[in-house]
Amino acid sequence: RNSSVKRSVDFLLFGQALKNMGVPIHLLIVGRGYGEKFLRLSDSLGLGSDVTIAGEVSDPGSCYNVMDLLCLCSVSEGFPNVILEAVKHKVPVISTDVSDLKLFFLQDWQVVRVGDVNGLAIAACKVFKMQETELKVLTDVQAKKFKLHCDSTKIHKKMEKVFHGT
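Every value quoted in this text rests on a predicted model; they were computed, and no experiment measured them.

Calculation criteria
- Residues numbered from 1 in each chain as written.
- Predicted model: local features only at pLDDT ≥ 70, side-chain atom pairs only at ≥ 80, totals over all residues.
- Heavy atoms only, no water.
- Helix = DSSP H or I, 4+ residues; strand = E, 2+ residues; numbered from the N terminus.
- Rg over C-alpha atoms; globule rule 2.2 N^0.38 Å.
- Buried < 20%, exposed > 50% of the residue type's maximum accessible area, 1.4 Å probe, protein only.
- Contact = heavy atoms within 4.5 Å.
- Lys, Arg positive; Asp, Glu negative; His and termini not counted.
- Charge placed at Lys NZ, Arg CZ, Asp CG, Glu CD.
- Expected span 1.5 Å × (residues − 1).
- Pairing = 2+ DSSP bridges.
- Axes fitted to C-alpha atoms, helices over the stretch in contact; angles between N-to-C directions.
- pLDDT = per-residue confidence, 0-100.
- Salt bridge = Lys/Arg side-chain N within 4 Å of Asp/Glu carboxyl O.

### Focus: the overall build of the protein
Scanning the protein from terminus to terminus reveals seven helices and five strands. Ordered by position in the sequence, the α and β elements of the protein form the string α-β-α-β-α-β-α-β-β-α-α-α. Taking 166 residues into account, the globule formula puts the C-alpha radius of gyration at 15 Å, and the protein, at 17 Å, falls close to it. Viewed in the frame of its principal axes, the protein has a C-alpha envelope of about 60 × 35 × 30 Å. A burial count over the protein gives 40% of its 166 residues as buried. For the protein, long-range pairs separated by at least 24 residues make up 61% of all intrachain contacts whose partners lie at least 6 apart in sequence. Side chains of the protein give 21 positive and 18 negative charges; the mean places of these two sets differ by 5 Å.

### Topic: helix 5 (residues 117-128)
Taking 1.5 Å per residue, twelve residues should reach 16 Å; helix 5 reaches 16 Å between its end C-alpha atoms and fits that length. By the burial criterion, the buried members of helix 5 are V117, G119, L120, A121, A123, A124, C125 and V127. Of the surrounding secondary structure, the elements contacted by the buried residues of helix 5 are helix 1 (8-20), strand 3 (70-72), strand 4 (93-96), strand 5 (111-112) and helix 6 (132-149).

### Notes on the sheet that holds strand 3
Reading across from one edge, 3-4-5 is the order of the three strands in this open sheet, with parallel pairing throughout. Edge positions in the sheet fall to strand 3 and strand 5, since each of these pairs with one other strand and no more. In the packing of helix 4 (residues 81-88) onto the sheet, contacts are made with strand 3 and strand 4, and the angle to strand 3 comes to roughly 165°.

### Overview of unusual backbone geometry
Positive phi values are uncommon outside glycine, yet R7 reaches one of about 50°. On the basis of relative accessible area, R7 is assigned to the partly exposed category, the value being 29%. Not every positive phi belongs to a glycine, and K90 is a case in point at roughly 60°. For K90, the position within the fold is in the loop between helix 4 and strand 4.

### Here we look at the confidence of the model for the protein
In the predicted model, the protein carries a mean pLDDT of 89, and the fraction of residues at 70 or more is 94%. Put simply, helix 7 (residues 152-164) is where the protein has its lowest mean pLDDT, 73, and helix 5 is where it has its highest, 98.

### What to know about the pattern of salt bridges
Evaluated as defined, the whole model comprises six salt bridges. Measuring nitrogen to oxygen at the nearest pair gives 2.6 Å for the salt bridge that ties D10 to R7. The shortest N-O distance in the salt bridge between D50 and K19 comes to 2.5 Å. Linking D50 in the loop between helix 2 (36-44) and strand 2 (51-55) with K19 in helix 1, this pair joins segments that are 31 residues apart in sequence. For D50, a relative accessible area of 16% puts it in the buried group. Judged by relative accessible area, K19 falls into the partly exposed class, the value being 35%. Through salt bridges with shared partners, a single ionic network connects K90, K136 and D140.

### Topic: helix 1
The terminal C-alpha atoms of helix 1 lie 19 Å apart, and with 13 residues this matches the ideal 18 Å at 1.5 Å per residue to within 8%. Among the residues of helix 1, those classed as buried are S8, D10, F11, L12, F14, G15, A17 and L18. Where helix 1 is buried, its residues touch strand 1 (27-30), helix 2, strand 2, strand 3, strand 4 and helix 5. Of the residues trailing helix 1, G22 is marked for its positive phi of about 85°.

Now the structure itself:
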């Protein structure tokens, strides 16, 4: 959804930074709340036909299947489900530093400070320059770290301790 917390404008600025670096791009935006004003901003940044707004989709998996990268620009997230979904679909992820995401990634370069669109663009370029074997290692590590830190059984046990004082 388009809200100030998601920093959707930063996502467009990230795309513009990549384009200025000579990287061929096409941004896919999924969610509700992206209207004419957002499209005009996209056009004013020189992105025009390089942006597709899919709106809400019933099968997000179909979106991940066409992604080379997921970029999260949020200023705050409780638990970023979109990243979990991307990891599940073996999509490399870069993100702003929200929700302790550094715990979920082997390399610090995948997480940049909020608002650092150039840092996100540099991280994206690292991903785009990777060979297929390097990408597989990256996505495998993402999956392993998420499983380690997001194991539902472990989380349930921790919650039981909190609620029952054991």
